[in-house]
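Structural features, examined
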Amino acid sequence: EAGVAQSPRYKIIEKRQSVAFWCNPISGHATLYWYQQILGQGPKLLIQFQNNGVVDDSQLPKDRFSAERLKGVDSTLKIQPAKLEDSAVYLCASDKTQGPTEAFFGQGTRLTVV
Amino acid sequence: AQSVSQHNHHVILSEAASLELGCNYSYGGTVNLFWYVQYPGQHLQLLLKYFSGDPLVKGIKGFEAEFIKSKFSFNLRKPSVQWSDTAEYFCAVNANNAGNMLTFGGGTRLMVKP
């Protein structure tokens, strides 16, 4: 079974630039998550999708962050404009949705804002 | 809102030593509990999970964890660590009324000396 795919693996941008990350979840997983992991901290949920609908985006800084999952499969997370404090690893995860279940994580995209 | 505390940020052990990593959560309702591990350069992987039933759960690679509801704890244990257990360990909680989204602790970085 293929895992959660993310790209790019690394990205360096200047502050005020924009950046986008891509995620392809495990086939058949209806629920997709984006987490932000700042160095030295645990992952923090940014947004949760079920199919192509948003379940929870309460912790997404909506003035600069946006995410979409138009066809209920792949997802993109965008930051515009980036700030220095956005430097982090952005993790995508997916699960089967039904009942309590485990989430499977991708390798993440390490973003450095300079 | 639920929160998760991991009190040990860094742990250094010699091979064959016993391991116990603490995890406490704050949520009064029913919870699902997880331990994830992140080996250097790799993605987050599930070590073990507790949904219901026997509060002592066994995971991969000889790890186990015990859910003590009265103490809001889910400590991770291994009787004899190996050099290959060097990694970062994250405790995570999902409240039953929060879909499958996870709240993570800050992580514990374990270094096992050969």
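Structure first, text after, so check above.
Details of the environment of A:Q50
Residue and element names in this part refer to chain A.
- Positionally, Q50 belongs in strand β5 (residues 44–50).
- Classification of Q50 as partly exposed rests on a relative accessible area of 36%.
- Distance from Q50 to A93, taken between C-alpha atoms, is 12 Å for residues 43 residues apart in sequence.
- Leave out the neighbours within four places in its chain, and Q50 touches A30, T31, V55, R69 and T97.

So, the pairing of strand β8 (residues 75–79) of chain A
Residues and elements named next belong to chain A.
- Going residue by residue along β8, you find S75, L77 and I79 tucked away on one face and T76 and K78 left uncovered on the opposite face.
- Where strand β3 (residues 19–24) meets β8, five bridges bridge the pair, whose relative direction is antiparallel. For F21, the partnering residue across the bridge sits in β8 and is L77.
- As paired strands, strand β7 (residues 65–68) and β8 are joined by four bridges and run antiparallel to one another. Following the sheet pairing, E68 is matched in β8 by T76.
- Between the antiparallel neighbours β7 and β8 lie six residues, among them G72 with a positive phi of about 75°.

Details of the state of the cysteines
All names here are of chain A.
- Taken as a whole and judged by the stated rule, the model has two disulfides over all chains.
- One disulfide bridge connects C23 with C92, the sulfur atoms lying 1.9 Å from each other. Note on the C23 and C92 pair: the S-S dihedral is about -70°, so by sign convention the disulfide is left-handed. Taken together, the residues span a long stretch of sequence, with C23 in strand β3 and C92 in strand β9 (residues 88–95) at a distance of 69 residues. We note that C23, like C92, is buried.

Details of the pattern of salt bridges
All names here are of chain B.
- All chains considered together, the criterion is met by eight salt bridges over all chains.
- Notably, a salt bridge pairs K58 with E64, separated by 2.8 Å at the nearest N-O pair.
- Note on K58: relative accessible area 63%, which makes it exposed.
- Given a relative accessible area of 17%, E64 falls into the buried group.
- R77 is the salt-bridge partner of E66, the closest N and O atoms lying 3.3 Å from each other. One end of the pair, E66, is in strand β8 (residues 64–68); the other, R77, is in strand β9 (residues 73–78), and eleven residues separate them in sequence.

So, the sheet that holds β7(A)
All names here are of chain A.
- Reading across from one edge, β1-β3-β8-β7 is the order of the four strands in this open sheet, with antiparallel pairing throughout. The strands lining the two open edges of the sheet, one partner per strand, are β1 (5–7) and β7. In this sheet, adjacent strand axes meet at a mean angle of 15° when their direction is disregarded.

Quick look at the interface of chain A and chain B
- At the interface, 22 residues of chain A touch 18 residues of chain B.
- Contact between chain A and chain B buries roughly 1,600 Å² in total, counting both sides, with carbon and sulfur atoms accounting for 53%.
- In terms of surface lost to chain B, no three residues of chain A exceed A:P100, A:E102 and A:F105, which account for 31% of the buried area on that side.
- Our count for the chain A to chain B interface comes out at one salt bridge.
- B:K49 serves as the salt-bridge partner of A:E102, at 3.1 Å between the closest nitrogen and oxygen.
- In this assembly, chain A and chain B are joined by three residue pairs in polar contact (both at pLDDT 80 or more).
- Among the elements that line the side of chain A that touches chain B, the one with the most residues is strand β4 (residues 31–37) of chain A, at three residues.

Rules used in this analysis
Residues numbered from 1 in each chain as written. Chains lettered and ligands numbered in written order. Predicted model: local features only at pLDDT ≥ 70, side-chain atom pairs only at ≥ 80, totals over all residues. Heavy atoms only, no water. Helix = DSSP H or I, 4+ residues; strand = E, 2+ residues; numbered from the N terminus. Buried < 20%, exposed > 50% of the residue type's maximum accessible area, 1.4 Å probe, protein only. Contact = heavy atoms within 4.5 Å. Pairing = 2+ DSSP bridges. Disulfide = S-S within 2.5 Å. Salt bridge = Lys/Arg side-chain N within 4 Å of Asp/Glu carboxyl O. Axes fitted to C-alpha atoms, helices over the stretch in contact; angles between N-to-C directions. Buried area = accessible area lost by both parts, 1.4 Å probe. Polar contact = N/O pair within 3.5 Å; in protein donor to acceptor, adjacent residues only side chain to side chain.

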